[in-house]
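# Chain and residue survey
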Protein chains: 2
Amino acid sequence: MPERLKKIIRDVPDFPKKGILFKDITTLCKDPLSFQIMVDLLAHRYIDKKIDLIVGIEARGFIVGAALAYRIGAGIVLVRKPGKLPHKTNSASYTLEYGEDTLEIHKDAIEKGQNVIIADDLLATGGTAAAVTELVEGLGGNIVESAFIVELDDLKGRDKLNHDVFSLIHY
Amino acid sequence: MPERLKKIIRDVPDFPKKGILFKDITTLCKDPLSFQIMVDLLAHRYIDKKIDLIVGIEARGFIVGAALAYRIGAGIVLVRKPGKLPHKTNSASYTLEYGEDTLEIHKDAIEKGQNVIIADDLLATGGTAAAVTELVEGLGGNIVESAFIVELDDLKGRDKLNHDVFSLIHY
């Protein structure tokens, strides 16, 4: 089944900058059957794991996270860019190739001991997911696993994470 | 049922700026039962309407849109801020209180004649939804309805739209 998903993901050369071959999941998302398979494959993995919350990372992680949360009967929590969340937040910064970026979570988004899956479309260098890990653990959440649609194995992003990682598709 | 949803949405005063009482749906999204009710109420409305695609508006519209698309067996199409979509795009601009904003859609996101629901969390003045209408119709999509979690009735956003509008909660 992941072969169908792999085939429908579109390669876009030189995005967001020259030399990067971007894995575009919009072609997967707009195909009803592929989208359903994608969500179901993740759901079957987590549906009996007593997951309380899916933490979706802005913005494509919201797509994966919301559908998965609905499917397994969990809540969905948003990790967003600075200034987007309206209530009191915690923040975590991470290094990019040039400069730094910051993510925020509501202070009351997770209760201590809740079982959490972190969800995003892509695991590359792992900087983003490591920052989200810091945010979730800072609130006392128990990270059961991080789940991605696509993982770029060469970049070894999973080595930056202190918990299990699962990806539907590997390049 | 919408009473449960209305009660769980949080009012945040003075966000994003002084004088605005922001309707924060993150408290709804993180509560599994409320989130499920929200998605199901929309799904029951559309499940027998032969909907091909949900068009989700960045970023909270992705939450509503992705879960709804999964539930009714549709695809999910993304409308995003400029520069975020990797392939060829069409764009539409709309006026804000001060200045202008632009949204983009992939040129191949919708096939002519496909039945589309536009999904977002909030209908306020309707400027965003009108721009998305332009994008969807520009690709030949047939807009069956726009669906929102919250509508601020006083702002008369629905008058800006040339198609049916449905909102779960009205203020």
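As a reminder, the structure under discussion sits directly above these lines.
Summary of the structure given here. In this text the structure is predicted, and so the values were computed from the model without any measurement.

Further remarks concern helix 4 (residues 60-72) of chain A. All names here are of chain A. Here helix 4 is 13 residues long and its end C-alpha atoms lie 19 Å apart, about the 18 Å a rise of 1.5 Å per residue gives. Buried residues dominate helix 4, accounting for eleven of its 13 residues. Phi for Gly73, located one or two positions after helix 4, is positive at around 75°.

With that settled, consider the interface of chain B and chain A. The partner chain A presents 41 residues to the 41 residues of chain B that form the contact. Where chain B abuts chain A, roughly 3400 Å² becomes buried across the two surfaces, and 63% of that area is made up of carbon and sulfur atoms. A per-residue breakdown of the area chain B buries against chain A is headed by Lys30, Tyr70 and Pro86 of chain B, which together make up 22% of the total. Here chain B is connected to chain A by 18 residue pairs in polar contact (both at pLDDT 80 or more). Secondary-structure elements contributing two or more residues to the side of chain B that touches chain A are strand 1 (10-13), strand 2 (21-24), helix 2 (26-29), helix 3 (32-46), helix 4 (60-72) and strand 4 (75-79) of chain B. No other element matches the eight residues that helix 4 of chain B contributes to the side of chain B that touches chain A. Its residues assigned to classes, the side of chain B that touches chain A comprises 22 nonpolar, seven polar and twelve charged.

This paragraph deals with the packing of aromatic side chains. Residue and element names in this part refer to chain A. Overall, the coordinates contain two aromatic pairs over all chains when judged by the stated rule. For the pair Phe15 and Phe22, a centre-to-centre distance of 5.0 Å together with 80° between the ring planes defines the contact as edge-to-face. As far as the burial class goes, Phe15 and Phe22 line up, both buried. Residue placement shows Lys23 over the ring face of Tyr171; its charged tip is 3.7 Å from the ring centre. Stacked on the ring of Phe166, the Lys or Arg Arg45 has its end atom at 3.9 Å from the ring centre.

So, how was this worked out
Residues numbered from 1 in each chain as written. Chains lettered and ligands numbered in written order. Predicted model: local features only at pLDDT ≥ 70, side-chain atom pairs only at ≥ 80, totals over all residues. Heavy atoms only, no water. Helix = DSSP H or I, 4+ residues; strand = E, 2+ residues; numbered from the N terminus. Expected span 1.5 Å × (residues − 1). Buried < 20%, exposed > 50% of the residue type's maximum accessible area, 1.4 Å probe, protein only. Contact = heavy atoms within 4.5 Å. Buried area = accessible area lost by both parts, 1.4 Å probe. Polar contact = N/O pair within 3.5 Å; in protein donor to acceptor, adjacent residues only side chain to side chain. Nonpolar A, V, L, I, M, F, W, Y, C, P; charged D, E, K, R; others polar. Phe/Tyr/Trp six-rings, centres within 6.5 Å; stacked < 30°, edge-to-face > 60°. Lys NZ or Arg CZ within 6 Å of the ring centre and 35° of its normal.

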